[in-house]
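Structural description and commentary
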Amino acid sequence: MSIKLREKKLAKGAIKFYLDIYINGERSYEFLDIKIEPNDSKSVKSEKRNIANLIRSNRELEYLTSNTNYIPKHLRNINFFDFAETFQKEYKKKDIRMIDASILQFKAFVENPKLKLSEINPTMMRGFMDYLNNDAGLNGETPHNYFTRFKKILKNAEQKGLINVLPTKDIKFRRKVQRNELRKQILTSDELKVLAQTKCGNEELRNAFLFACFTGLGYAEIKQLTWGNIVNNRLVTRREKTNQKVDVKIKDSILALLGKRGKKEDGIFNMRNENGKLISDNGVNKCLKNWVGRAKIDKHITFYCARHTYATQLLLYGANLKTVADALGHSNTQHTIKYLNYIDSLADDAVDNLPELDF
């Protein structure tokens, strides 16, 4: 292995530095952003050469220690938030807002803008998990979602050799779901009947939400649903997040919500406002809030609650856990168990409500 500093003469007498890298029989080159101009003073030229040599030494150290637990000092001193900012700029996936929010939560937790990447350890990560769960004012799945996104940043740092061991490697995020918390997100059979008989400010949204309560679709799938997804009274589609196939039967009364069948490529629900733009999640949930309130149902219901409702209804009426997982498009039953726990809690309540006997 060898990493040598080379010079390339440019037009008008300038000199640019580059590294000649020869490792495992393969040669590559790295051009440095350092250039000596003809009019540079002797001291400036010397300083630029020293910087170029320092970079060469650092590169050599990086390669020599790439398969060890040693991290060069200049890498250990990288500021975490500087690294996170670079990660944000380069990140192109849809959950970038979650990434941004997770960084803001972490900044509030550590209260140290000078935190080094190398200083993040498992103890700090467990503390961050507790902070998201108990002190950040978050609820539902949000703490888990933020922690999962934050791990992406650390994983990227590990892949780049900036940390040796992922500080979240052996940490499993555990969020204790309060019994009433899940209950607030689920509509009972009686509540569904009341809601169906209550006027909604947006009839298209009303039909879409009720359809989701009996099929488990999320708003992302509802927006893209076409008549091609309805085959012989069955819903055949894929989950937006996991790409898992969904193939479930649709009750005749729910099919009636869809109206007259259109062409295969036609969208079923028109989820656009008067300006032709798709209704935002906030707009949808605001309309749902008004509708649920008009029905005198004292629950916090968002569009995603349709999935919770569908899952618990299936379990209440005899479906097993694997069947519900398949119907929801879950890859396994791990994420479906919380609904079974909710059903078990109903049985506990039923026992508590049994009459007391005086012996």
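Look above for the structure.
In short, a report on the structure. Values in this document were obtained by computation on a predicted structure and should not be read as measured data.

Once that is clear, we can look at the packing of helix α3 (residues 80-90) against helix α6 (residues 142-159). Packing of α3 against α6 leaves a shortest axis separation of 11 Å and a crossing angle of 100°. The angle between the axes of α3 and α6 places the two elements in the roughly perpendicular class. The segment α3 lies against α6, with Phe80, Phe83, Ala84 and Phe87 engaging Phe150, Lys152, Ile153, Leu154, Asn156 and Ala157. In terms of residue class, the contact of α3 with α6 is made up of 8 nonpolar, 1 polar and 1 charged.

What follows deals with the pairing of strand β2 (residues 15-23). Along β2, 7 of the 9 residues are buried, which leaves the element largely enclosed by surrounding structure. Alignment of strand β1 (residues 2-9) against β2, held across 8 bridges, turns out to be antiparallel. Residue pairing in the sheet places Lys4 in a bridge with Asp20 of β2. What sits between β1 and β2 in their antiparallel hairpin is a turn of 5 residues, with Lys12 showing a positive phi close to 65°. Inspection of the sheet shows β2 paired to strand β3 (residues 26-36) by 8 bridges, in the antiparallel sense. Its bridge partner being in β3, Ile21 is matched across the sheet by Ser28. In sequence, β2 turns back onto β3 through a hairpin of 2 residues, with Asn24 there showing a positive phi of about 50°.

This part takes up the sheet that holds strand β5 (residues 234-238). Across the sheet, 3 strands lie side by side as β4-β5-β6; this open sheet has antiparallel pairing. Unpaired on one side and paired on the other, β4 (230-231) and β6 (245-249) mark the two borders of the sheet. In the sheet, β5 pairs with β6 via 5 bridges, with the strands oriented antiparallel. Paired with Leu235 across the bridge in β6 is Val248.

Turning to its location among the elements, Ile279 is positioned in the loop between α11 (252-255) and α12 (281-294). We classify Ile279 as buried; its relative accessible area is 16%. Put simply, Ile279 and Lys223 are 56 residues apart on the chain and 9.5 Å apart in space, counted from C-alpha to C-alpha. In this structure Ile279 touches Asn202, Tyr219, Met271, Arg272, Asn273 and Val284, once residues within four positions along its chain are discounted.

Reading guide: rules and limits
Residues numbered from 1 in each chain as written. Predicted model: local features only at pLDDT ≥ 70, side-chain atom pairs only at ≥ 80, totals over all residues. Heavy atoms only, no water. Axes fitted to C-alpha atoms, helices over the stretch in contact; angles between N-to-C directions. Helix = DSSP H or I, 4+ residues; strand = E, 2+ residues; numbered from the N terminus. Parallel < 35°, antiparallel > 145°, perpendicular 65-115°, else oblique. Contact = heavy atoms within 4.5 Å. Nonpolar A, V, L, I, M, F, W, Y, C, P; charged D, E, K, R; others polar. Buried < 20%, exposed > 50% of the residue type's maximum accessible area, 1.4 Å probe, protein only. Pairing = 2+ DSSP bridges.

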